[in-house]
Amino acid sequence: MKHITVGITGASGALYAQRLLHYLDKSPEVGRINLVLTAFGVTVIREELDLDVTGTKTSDVETLLGRTSEKIHLLPAKDIGASIASGSYRTDGMVVVPCSMGTLGYIAAGIARDLVHRAADVTLKERRTLILVPRETPYNAIHLENMLKLHQAGAVIIPASPGFYHRPTTITELVDHFVFRILDHLHISHSDETVWQGRRKQ
Ligand SMILES: Cc1cc2nc3c(=O)[nH]c(=O)nc-3n(C[C@H](O)[C@H](O)[C@H](O)COP(=O)(O)O)c2cc1C
């Protein structure tokens, strides 16, 4: 059973995180999800999803998911001493979704000011899967350099740029298709319906 870490930071796109947690929680291949919300992650969740989360209370999980979960465990962002801050705690990967340019910069610089930075740093040093979902537009040279640096250090950069070739008719369909790409990189199964089968015949 996989152990996955999810960090939610203060970039736009909280819905991607909410849907990813939904699928990770439902997956029989996933045993535990350690969740960290930064202070600005909390702000954006409130702003975009209208949900009253705190970043510190265990009830945040139910608020975010709309149901209780035995798999998802909230760890406060200030708790640099939490399990996932150590390489000795084995995980099968970490996703930072959405990933702000601030958090991206900290990770690229190797600076750990909160648990998201530290857990990401540990994931890289242990050569485990680190997926970053940056969201900013346009990118400046610093953003682009940081992304290249992180790619070269082993991270997988999956920018929050969903496809349209599956012809989504709702925002949830659009977001879920994107979330399935993240699951692909975590080697977690999902519905095959979204796999591109080649161009439709006219
Ligand atoms: C509503 C809202 C939306 C934001 N959207 C973005 C964004 O899309 N990308 C980004 O890099 N920063 C965005 N920011 C700014 C970040 O939240 C800010 O840089 C913050 O310091 C990031 O901190 P964190 O990485 O610890 O969460 C947004 C802030 C707010 C309040």
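It should be noted that the structure appears before, not after, this text.
Caption draft 1: Structural view of the overall build of the protein chain. Helices and strands together make up the secondary structure of the protein chain, namely seven helices and six strands. Traced from its N-terminal end to its C-terminal end, the protein chain shows the element sequence β-α-β-α-α-β-β-α-α-β-α-β-α. Relative to its length of 202 residues, the protein chain is compact, with a C-alpha radius of gyration of 16 Å against a globular reference of 17 Å. In terms of overall dimensions, the protein chain has a C-alpha envelope of 55 × 40 × 35 Å along the principal axes. When each of the 202 residues of the protein chain is scored for burial, the buried share is 40%. Sequence separation of 24 or more characterises 73% of the internal contacts of the protein chain that already satisfy a separation of 6 or more.

Caption draft 2: How the structure looks around the nonpolar core. By size, the foremost hydrophobic cluster in this structure holds 56 residues, and its most contacted members are Val6, Leu20 and Val97. Per element, the largest residue contribution to this core is seven residues, and it comes from helix α1 (residues 14-26). Those residues in contact with Leu20 that lie beyond four places of it in its chain are Val6, Val95, Val97, Val179 and Ile182.

Caption draft 3: Local environment of the site of the ligand. Of all residues adjacent to the ligand, which total 16 residues, the nearest are Thr9, Gly10, Ala11, Thr38 and Phe40. Within the residue set of the shell around the ligand, elements represented by two or more residues are α2 (39-49) and α4 (101-109). Ranked by residue count, the leading element in the shell around the ligand is α2, at five residues. In terms of residue class, the shell around the ligand is built from four nonpolar, nine polar and three charged.

Caption draft 4: Main features of the sheet that holds strand β1 (residues 2-8). Judged by pairing direction, the sheet is parallel, and its six strands sit side by side in the order β3-β2-β1-β4-β5-β6 without closing on themselves. Since the sheet does not close on itself, it has two edges, and those belong to β3 (72-74) and β6 (156-157), each with one partner. Two elements, strand β2 (residues 30-37) and β3, share three bridges in a ladder whose sense is parallel. Each residue of the ladder has a partner; that of Ile33, found in β3, is Ile72.

Caption draft 5: Region of interest: unusual backbone geometry. A cis geometry characterises the amide bond from Val97 onward to Pro98, with omega recorded as -15 degrees. Considering the arrangement of structural elements, one finds Pro98 in strand β4 (residues 94-99). Cis geometry marks the peptide bond from Thr137 to Pro138, where omega comes out at -10 degrees.

Caption draft 6: Broad picture of α4. Among the residues making up α4, those that are buried are Met101, Thr103, Leu104, Tyr106, Ile107 and Ala108. Where α4 is buried, its residues meet β4, α5 (115-125), β5 (130-134) and α6 (141-152). Just past α4, the residue Gly110 takes up positive phi, approximately 75 degrees.

Conventions we followed
- Residues numbered from 1 in each chain as written.
- Predicted model: local features only at pLDDT ≥ 70, side-chain atom pairs only at ≥ 80, totals over all residues.
- Helix = DSSP H or I, 4+ residues; strand = E, 2+ residues; numbered from the N terminus.
- Rg over C-alpha atoms; globule rule 2.2 N^0.38 Å.
- Buried ≥ 20, exposed ≤ 12 C-beta atoms within 10 Å, placed from the backbone.
- Contact = placed C-beta atoms within 7 Å.
- Core = buried A, V, L, I, M, F, W, Y, C linked by C-beta atoms within 7 Å.
- Near = placed C-beta within 6 Å.
- Nonpolar A, V, L, I, M, F, W, Y, C, P; charged D, E, K, R; others polar.
- Pairing = 2+ DSSP bridges.

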